[in-house]
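Tertiary structure, described
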Amino acid sequence: MPVVNRIADFAQDMKTWRQWLHRNPELGFDLPKTAGFVAEKLRAFGVDEIHEGIAQSGIVAIIEGQGAGPTIGLRADMDALPIHEETGAEHASQTPGVMHACGHDGHTTMLLGAARYLAETRNFAGRVALIFQPAEEDGGGGEAMVQAGIMERFAIARVFAMHNAPEFAAGEFFCTPGPIMAAVDEFTVTVQGKGGHAAYPHDCTDPIPPLLAMVQGFGTIVSRNHKPIDDLVVSVTQIHTGTANNVVPARAVFSGTVRTFDPKVQEMVIARMEELVQGTAAAYGVTAEFVYERGYPATVNDPGSVDFALGVAAEVVGAARVDGAVERMMGAEDFSYMLNARPGAYLFLGQGEGAFCHHPAYDFNDEVAPVGASFLARLVERAQPVG
Ligand SMILES: [Zn+2]
Ligand SMILES: [Zn+2]
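Residues numbered from 1 in each chain as written. Chains lettered and ligands numbered in written order. Predicted model: local features only at pLDDT ≥ 70, side-chain atom pairs only at ≥ 80, totals over all residues. Heavy atoms only, no water.

1. What to know about the overall build of the protein chain
Across its full length, the protein chain carries 11 helices and 16 strands. Dimensions along the principal axes, computed over C-alpha positions, put the protein chain at roughly 80 × 40 × 40 Å. For the protein chain, buried positions account for 53% of its 387 residues. Taking the intrachain contacts of the protein chain between residues at least 6 apart in sequence as the baseline, contacts between residues at least 24 apart amount to 82%. Accessible area of the protein chain: about 15,600 Å², with a carbon and sulfur share of 51%. The positive charge centre, built from 26 side chains, and the negative charge centre, built from 47, are 4 Å apart in the protein chain. (Helix = DSSP H or I, 4+ residues; strand = E, 2+ residues; numbered from the N terminus. Buried < 20%, exposed > 50% of the residue type's maximum accessible area, 1.4 Å probe, protein only. Contact = heavy atoms within 4.5 Å. Areas by Shrake-Rupley, 256 points an atom, 1.4 Å probe, with all protein chains shown as cover. Lys, Arg positive; Asp, Glu negative; His and termini not counted. Charge placed at Lys NZ, Arg CZ, Asp CG, Glu CD.)

Written out as structure tokens, the structure is:
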């Protein structure tokens with residue numbers, strides 16, 4: 001794979017860093033070993049500033065280029081998942097029940113590789129802000145970093161990030177303008193009736209029939225209220241009620257997830273759910289509580305930044321290995337908070353054959369690390385050329 005030669009020179013170092021990170025996975029906001037490792041490497045590379053402890057374990061490092069210019073932000077996530085590793089790899093997790101099953105060890109390594117090259121060469125104007133965030137998988141570390149004021153504090157003008165993609169050709173970049181990842185929300189409906197002896201249903205107010213009507217009603221939000229060409233998922237994934245075959249339960253609960261790309265669609269879903277829940281409850285003589293929790297917002301790419309980033313990717317791997325019109329995905333990503341704060345783009349980098357992310361047999365492909373690091377480094381050089 002064609003890469004920046006200087007970065008290819010230290011590919012073996014990147015593999016060593018990545019496998020150290022893989023052996024030492026940590027969860028959420030609490031990443032003392034990981035953040036310590038990252039800060040130690042950044043110091044050794046000679047970056048100009050290191051700001052630690054942002055959103056607990058987050059780091060922002062600054063590298064000064066040549067002459068005046070804006071600050072470009074590059075972001076990597078550092079957290080692992082509560083999954084027991086089954087790769088059988090020599091560098092497997094040394095912490096039972098925790099593993100880097102989403103390749104954030106690889107993301108951190110690629111940004112470190114770009115940092116080493118950029119600190120050595122400084123062939124760009126202005127500054128680069130290297131953003132290492134905690135808690136992408138759960139907890140919204142990206143949101144916490146934005147709330148900690150990193151965009152203003154470091155005068156970041158635009159932001160870029162990428163995620164590895166198993167099952168796509170190794171070293172292939174893909175992206176799409178506009179929304180690329182969904183907003184992911186959750187809902188819970190609690191139906192309260194009156195329980196009693198199942199032989200005397202007329203003395204009870206059974207919560208099960210209204211619950212079933214609500215679940216069926218929710219299906220019509222997608223099929224009848226929603227414009228067919230827009231993407232929307234409404235999934236009821238849990239139903240809980242009852243304790244015995246001869247007892248009418250007093251309470252029944254169901255819950256699930258909603259995935260949208262457009263805030264207007266999201267608002268429509270919430271309004272229709274509330275109407276269906278309260279209307280159905282009234283019809284059946286029960287009461288119902290509807291709780292809707294918004295999760296990560298949709299990840300929305302700035303079209304100009306996508307064009308620019310794909311041009312840089314084509315320079316690194318060749319135009320034939322770049323796809324700018326990939327189908328958007330129903331998963332979520334908390335880089336969305338950074339893209340809501342600043343224009344930029346979120347891209348994917350193919351990993352080749354292997355288990356998918358969040359699978360116990362998943363492992364980041366070290367072969368693509370020099371490709372990703374070269375892309376990030378070139379992105380800075382092209383975005384902010386010297387002179
Ligand atoms: Zn993940
Ligand atoms: Zn991930």
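2. Concerning the coordination of the zinc ion (ligand 1)
Protein ligation of the zinc ion (ligand 1) involves Cys102 (SG), Glu137 (OE), Glu137 (OE) and His358 (NE2), the donor distances falling in the range 2.0 to 2.6 Å. All donors of the zinc ion (ligand 1) belong to a single chain; written as a sequence motif, their spacing is C-x34-E-x220-H. Here the zinc ion (ligand 2) and the zinc ion (ligand 1) are spaced 3.1 Å from one another, each receiving a donor from Cys102. On the criterion of sequence distance, the pair formed by Glu137 in the loop between strand 4 (127-133) and helix 5 (141-147) and His358 in the loop between strand 16 (344-352) and helix 11 (369-383) is long-range, its members being 221 residues apart. (Donors = N, O, S within 2.8 Å, 3.2 Å for Na, K, Ca; no water.)

3. Points about the nonpolar core
By size, the foremost hydrophobic cluster in this structure holds 91 residues, and its most contacted members are Leu42, Leu130, Phe132, Phe173 and Phe375. Examining the composition of this core, we find that 9 residues originate from one element, helix 11, more than from any other. Residues in contact with Phe173, not counting those within four places in the same chain, are Met162, Ala313, Val317, Arg321, Val322, Asp323, Leu347, Phe348, Leu349, Val371 and Phe375. Ranked by size, the runner-up nonpolar core spans 23 residues in total, among them Val191, Val269, Val277 and Ala281. (Core = buried A, V, L, I, M, F, W, Y, C linked by side-chain atoms within 4.5 Å.)

4. Section: empty space enclosed by the protein
One pass over the full model with this rule turns up 1 cavity of 30 Å³ or more. As a volume, the largest cavity reaches approximately 60 Å³. Surrounding the largest cavity, Leu74, Arg75, Ala76, His107, Met110, Leu111, Met162 and Leu376 form its lining. Elements supplying a minimum of two residues to the lining of the largest cavity: strand 3 (71-77) and helix 4 (104-121). Its residues placed into classes, the lining of the largest cavity shows 6 nonpolar, 1 polar and 1 charged. (1 Å grid on protein atoms, 1.4 Å probe; cavity = no way out; pocket = protein on both sides within 12 Å on 5 of 7 lines; lining within 4 Å. Points joined across faces, edges and corners; volume = space filled by probe spheres on them. Nonpolar A, V, L, I, M, F, W, Y, C, P; charged D, E, K, R; others polar.)

5. Describing the pattern of salt bridges
In this structure the tally under the stated criterion is 22 salt bridges. Salt-bridge contacts for Asp105 lead to Arg18; the nearest nitrogen and oxygen are separated by 2.8 Å. Here Arg18 lies in helix 2 (residues 11-23) and Asp105 lies in helix 4, a separation of 87 residues in the sequence. Of the two residues examined, Asp105 and Arg18, each falls in the buried class. Salt bridges linked by common partners bring Arg6, Asp9, Asp13, Arg116 and Glu120 together as one network. (Salt bridge = Lys/Arg side-chain N within 4 Å of Asp/Glu carboxyl O.)

6. Notes on the environment of Phe174
Among the structural elements, Phe174 can be located in strand 6 (residues 173-174). As a C-alpha pair, Phe174 and Ala148 span 26 residues in sequence and 30 Å in three-dimensional space. Excluding anything up to four places from it in sequence, Phe174 contacts Ala165, Phe168, Asp323, Val326, Met329, Leu347, Phe348 and Gly350.

7. Here's the deal with the pairing of strand 4
The element strand 4 is extensively covered by neighbouring structure, given that 7 of its 7 residues are classed as buried. Because side chains alternate across strand 4, one face comprises the buried residues Arg127, Ala129, Ile131 and Gln133, and the other comprises Val128, Leu130 and Phe132, equally buried. Between strand 3 and its parallel partner strand 4, the chain crosses via helix 4, and the hand of that crossover is right-handed. (Right-handed = clockwise from strand over helix to strand, strands pointing away.)

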